[in-house]
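One letter stands for each residue in the lines below.
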Amino acid sequence: MAMTTCNSLFAIRLYRAVNSYRYLSQIYDQWEKLMGASFSMLIFPKLQQVLERTHRPIQKMVDLACGTGTMAIAMAKMGVEVIGIDLSEGMLEKARAKAKKAGLSIPFFCQDMRSFSLTEKVDLITSFYDSLNHLLTPEDLQQAFDAVARNLNPGGLFIFDVNNKNCFEKLWQGTSVFHHEEFTLILENTFDEKSLRAQSLSTIFRRKDKGPLFEKAIELCEERYYPDEVIYNGLNVAGFNVLEKEDFNPFWEIISIGPVKEFWVCEKQR
Ligand SMILES: C[S@@+](CC[C@H](N)C(=O)[O-])C[C@H]1O[C@@H](n2cnc3c(N)ncnc32)[C@H](O)[C@@H]1O
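Residues numbered from 1 in each chain as written. Predicted model: local features only at pLDDT ≥ 70, side-chain atom pairs only at ≥ 80, totals over all residues.

Describing the environment of Asp 161
Within the element layout of this structure, Asp 161 appears in strand β6 (residues 152-163). Separated by 84 residues in the primary sequence, Asp 161 and Lys 245 have C-alpha atoms spaced 9.4 Å apart. (Helix = DSSP H or I, 4+ residues; strand = E, 2+ residues; numbered from the N terminus.)

Re the domain arrangement of the protein chain
Here the domain parsing of the protein chain yields domain 1 (9-35 + 167-224) and domain 2 (39-163 + 227-255). Placing the centre of domain 1 and that of domain 2 at their C-alpha centroids yields a distance of 23 Å. Listed as interface residues are 16 residues of domain 1 and, on the opposing side, 14 residues of domain 2. Of all elements in the fold, only α2 (24-34), α7 (165-170) and β10 (214-224) reach the threshold of two or more residues within the side of domain 1 that touches domain 2. Considering each element in turn, the side of domain 1 that touches domain 2 owes the most residues, 5 residues, to α2. Classifying every residue of the side of domain 1 that touches domain 2 by side-chain character gives 5 nonpolar, 4 polar and 7 charged. (Domains from an automatic or database assignment. Contact = placed C-beta atoms within 7 Å. Nonpolar A, V, L, I, M, F, W, Y, C, P; charged D, E, K, R; others polar.)

Notes on helix α5 (residues 89-101)
Helix length check: α5, at 13 residues, gives a terminal C-alpha distance of 18 Å against a target of 18 Å (1.5 Å per residue), a fit within 8%. Burial in α5 covers these residues: Met 91, Leu 92, Lys 94, Ala 95 and Ala 99. Angularly, the buried residues of α5 cover 160° about the axis, an arc narrow enough to put them on a single face. Of the exposed residues in α5, those oriented more than 90 degrees away from the buried face are Ala 97, Lys 100 and Lys 101. Following α5 by one or two positions, Gly 103 adopts a phi angle in the positive range, close to 70°. (Expected span 1.5 Å × (residues − 1). Buried ≥ 20, exposed ≤ 12 C-beta atoms within 10 Å, placed from the backbone. Arc of directions from axis to C-beta.)

In C-alpha cells form, the structure reads like this:
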C-alpha cells in the first residue's frame, strides 16, 4: 500500500532522443540561475569586447543553437537584427515567450545547425555554451562549419565556444544535484577518453501545478570533445581564418579548476 502511494506521486517520462532538451528546456533558465548566472550573460561582455576590437558593424546576426534565447534577446536590445536557430522546440518555445515578454520581435526557427539556411546572409553568427560539442562526429562538425560559412557575408564573424579537455575530464565526471523550489535536477556525467564522447544523464523531478506532487523525467545529453587541430582544420576547410582562440573559465567564481572553455573568433574569408 505504501509502495502504491509512493509510486503514484510520480509520473515517469523517459525521453530517449539524445539532446532533445524536451524536459531540460522547462527548467533550463532556473537551473542556470542556480549556478550564479546564465552562460549568455557571463559571455556577453566578452562578445562585446571582441566586436569593439574587430571594428565590425553588425547589423544582422544569427545565434545558432540559441536555446531559450537569452543571448538573442541581449543582442536585439543592442539594436542588432537577430535570428535565433535551435533544434529543440522546447527551448524555442521558451525563447519566443521571453522575447514577446521583452517586447522584441525576434524570429526563432527550428533548424539543424548542420544544415540551416537563411534567406539573406548575416554579418555575425554566434554559438555558445558548448552547443557545437553536441555534434557527435567530426563530419557533423564540418557540416555545421560549412553551413555557417554559407550563411555569412564575406568578412563576417563566427564566434563560438567549446568545452576543452579539462572541462570533460573534471566537470563531466560524477554526479551533481541541484535543488530549486520547483524541481530537483540530478546530473550523472561520464567522459570516455577513448571515444572522446561525454554523456550527461539528467533526472528531473518537477513539481506539478505548484502542488505536492512531482513528475519525473529522464533525458540524455551527449557531447564530444574536439581537439584544437580538428577545429582548426574544419574551419579552414569551410573557408574561415581564425582571428583569436583563448582558453578561459567563465565560472571561475564558483569553480576554480583552470580554463574549461575555448573561445574562438573566426572570420569568413573575403
Ligand atoms: C547547452 S544548450 C546552449 C543553449 C544556448 N546557446 C545558451 O547559451 O544557453 C545547447 C543547445 O544546442 C541545441 N542543439 C543541439 N544540437 C543541435 C543541432 N544539431 N542544431 C541546432 N541546435 C542544436 C540544443 O537544442 C540546445 O538548445
